[in-house]
Amino acid sequence: FVFPDFVTAFGFMTEVAIKAESQNHHPEWFNVYKNVVVDLTTHEADGISGRDFKLAEVMDEIASSRLA
């Protein structure tokens, strides 16, 4: 994800962190300035599962609201 600035990127990560915690599904991510890179996997499934797609949808919604 690419945001206009660091504050917006960090706000996105904060909002996602709250949602991820409620789903008990935590992303592996990396942030530099306005960029956030996310890897979603389910370690128990040894790959991608429905939980990853669900969290990805949440991330897309949050990112869209911050870029609007």
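Every value quoted in this text rests on a predicted model; they were computed, and no experiment measured them.

Undergrad: Honestly, helix 2 (residues 50-67) in this entry has me stumped. Any pointers?
TA: One full turn of an α-helix is made of 3.6 residues, so residues set three or four places apart face in the same direction. Over its 18 residues, helix 2 runs 26 Å from end to end, which matches the ideal 26 Å to within 8%, given 1.5 Å per residue. Listed in full, the buried residues belonging to helix 2 are Asp 52, Leu 55, Val 58, Met 59, Ile 62 and Ala 63. What you see down the axis of helix 2 is that its buried residues fit within an arc of 135 degrees, all on one side. Away from its buried face, by an angle of more than 90 degrees, helix 2 presents the exposed residues Gly 50, Phe 53, Lys 54, Glu 57 and Glu 61. Looking at the buried positions of helix 2, the neighbouring elements they touch are helix 1 (6-23), strand 1 (28-32) and strand 2 (35-39).

Undergrad: What should I look at first to understand the side chain of His 25 in this one?
TA: If you trace the backbone, His 25 turns up in the loop between helix 1 and strand 1. Engagement of the side chain of His 25 in a polar contact is seen with the side chain of Asp 52, the distance being 2.7 Å.

Undergrad: Just to check I follow, could you spell out the nonpolar core for this structure?
TA: Nonpolar side chains in soluble globular proteins tend to be buried together. Ranked by size, the top nonpolar core spans 13 residues in total, and within it Phe 3, Phe 12, Val 16, Val 36, Leu 55, Met 59 and Ile 62 carry the most contacts. Every element with two or more residues in this core is listed here: helix 1 and helix 2. The residues contacting Val 36, other than those within four sequence positions of it, are Phe 1, Phe 3, Ala 9, Phe 12, Met 13, Trp 29, Phe 30 and Asn 31.

Undergrad: Please explain the side chain of Thr 8 as it appears in this structure.
TA: Relative to the helices and strands, Thr 8 resides in helix 1. In contact with Thr 8, not counting residues within four places along its chain, are Phe 3 and Arg 66.

Undergrad: Quick question: what am I supposed to make of the packing of helix 1 against helix 2 here?
TA: The description of two packed helices rests on the angle between their axes and on the distance between the axes. Remark: helix 1 packs on helix 2, axes separated minimally by 10 Å, with the N-to-C direction vectors making an angle of 145 degrees. In the packing of helix 1 onto helix 2, the handedness of the crossing is right-handed. Packed against helix 1, whose contacting residues are Thr 8, Gly 11, Phe 12, Glu 15, Val 16, Lys 19, Ala 20 and Gln 23, the element helix 2 presents Arg 51, Lys 54, Leu 55, Val 58, Met 59, Ile 62, Ala 63 and Arg 66 at the interface. Classifying every residue of the contact of helix 1 with helix 2 gives eight nonpolar, three polar and five charged.

Undergrad: Looking at this structure, how should I read the pairing of strand 1?
TA: Every regular strand shows the same layout, with side chains that alternate between the two sheet faces. Sheet topology places strand 1 next to strand 2; five bridges connect them, and they run antiparallel. Bridging from a neighbouring strand, Glu 28 pairs with Asp 39 of strand 2.

Undergrad: Would you mind going over the packing of aromatic side chains with me for this structure?
TA: The geometry of an aromatic ring pair is captured by two quantities: the separation of the ring centres and the angle between the planes. Inspection of the entire model under this criterion finds four aromatic pairs. Plain terms: the ring middles of Phe 1 and Phe 3 are 6.3 Å apart, the flat faces sit at 20 degrees to each other, and that makes the pair stacked. Residue Phe 1 is classed as partly exposed on the basis of its relative accessible area of 33%. Between Phe 1 and Phe 12, the ring centres sit 4.8 Å apart and the planes meet at 45 degrees, which makes this aromatic pair tilted.

Criteria and cut-off values
Residues numbered from 1 in each chain as written. Predicted model: local features only at pLDDT ≥ 70, side-chain atom pairs only at ≥ 80, totals over all residues. Heavy atoms only, no water. Helix = DSSP H or I, 4+ residues; strand = E, 2+ residues; numbered from the N terminus. Expected span 1.5 Å × (residues − 1). Buried < 20%, exposed > 50% of the residue type's maximum accessible area, 1.4 Å probe, protein only. Arc of directions from axis to C-beta. Contact = heavy atoms within 4.5 Å. Polar contact = N/O pair within 3.5 Å; in protein donor to acceptor, adjacent residues only side chain to side chain. Core = buried A, V, L, I, M, F, W, Y, C linked by side-chain atoms within 4.5 Å. Axes fitted to C-alpha atoms, helices over the stretch in contact; angles between N-to-C directions. Left-handed = near helix turned anticlockwise from the far one by under 90°. Nonpolar A, V, L, I, M, F, W, Y, C, P; charged D, E, K, R; others polar. Pairing = 2+ DSSP bridges. Phe/Tyr/Trp six-rings, centres within 6.5 Å; stacked < 30°, edge-to-face > 60°.

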